[in-house]
Amino acid sequence: QVQLVESGGGLVQPGGSLRLSCKASGFTFSSHWMTWVRQAPGKGLEWIATINSGEDTTIYADSVKGRFTISRDNAKNTVYLQMNSLKPEDTAVYYCATLYPVVVVTSTDAYEYDCWGQGTQVTVSL
């Protein structure tokens, strides 16, 4: 079955950086567009970035554009989220997600995705 396992979260000061990873298994990862979403404390899900299977198309939410970079390594079945210039408002649980078995998913509605990992906590604070 589809499995997504996130890692790389932690506590970081404002202005700092983190790199999240999401290891996928149970499906043909290289064929599927992948997405990162997040959920801040007391708030709903927020879509933040998507990457296509060929690694040449990326889309970002305005809230993270210019600071976050989504990438993937199809040989390692892994999608990444490089987060720079972190702000306290980036504090959230971060999830990688896909809509299996749909291959091409361009939705910016986080609630449309049906396959999630367990999430990784990112806390931005002094």
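Residues numbered from 1 in each chain as written. Predicted model: local features only at pLDDT ≥ 70, side-chain atom pairs only at ≥ 80, totals over all residues. Heavy atoms only, no water.

**Student:** Lay out the environment of Ser25 in plain terms, naming residues and giving numbers.
**Tutor:** Residue position: Ser25 is located in strand β3 (residues 18-25). For the pair formed by Ser25 and Thr98, sequence separation is 73 residues and the distance between their alpha carbons is 12 Å. Setting aside anything within four residues of it in sequence, one finds Ser25 in contact with Gln1, Val2 and Gln3. (Helix = DSSP H or I, 4+ residues; strand = E, 2+ residues; numbered from the N terminus. Contact = heavy atoms within 4.5 Å.)

**Student:** Describe the state of the cysteines, with residues and values.
**Tutor:** Under the defined criterion, the tally for this structure stands at one disulfide. A sulfur-sulfur distance of 1.8 Å marks the disulfide that ties Cys22 to Cys96. Since a negative S-S torsion denotes a left-handed disulfide, the Cys22-Cys96 link at about 40 degrees is right-handed. Remark: Cys96 occurs in strand β9 (residues 92-98) and Cys22 occurs in strand β3; sequence separation between them is 74 residues. On the accessibility criterion, Cys22 (0% relative accessible area) is buried. Take Cys96: its relative accessible area is 0%, and that puts it in the buried class. (Disulfide = S-S within 2.5 Å. Buried < 20%, exposed > 50% of the residue type's maximum accessible area, 1.4 Å probe, protein only.)

**Student:** Describe the sheet that holds β3, listing the residues and the values that go with them.
**Tutor:** The strand order across the open sheet formed by four strands is β1-β3-β8-β7, and the pairing between neighbours is antiparallel. On the outer flanks of this sheet lie β1 (3-7) and β7 (68-73), each paired with one strand and no other. Sheet twist, expressed as the mean angle between neighbouring strand axes with direction ignored, is 15 degrees. Judged from the six bridges that link them, β3 and strand β8 (residues 78-83) form a sheet pairing that is antiparallel. Pairing of Leu20 across the sheet is with Leu81, part of β8. (Pairing = 2+ DSSP bridges. Axes fitted to C-alpha atoms, helices over the stretch in contact; angles between N-to-C directions.)

**Student:** Lay out the environment of Pro41 with the relevant residues and their values.
**Tutor:** Structurally, Pro41 is set in the loop between β4 (34-39) and β5 (45-51). Take Pro41: its relative accessible area is 62%, and that puts it in the exposed class. Note: C-alpha distance between Pro41 and Tyr60 (19 residues apart in sequence) is 21 Å.

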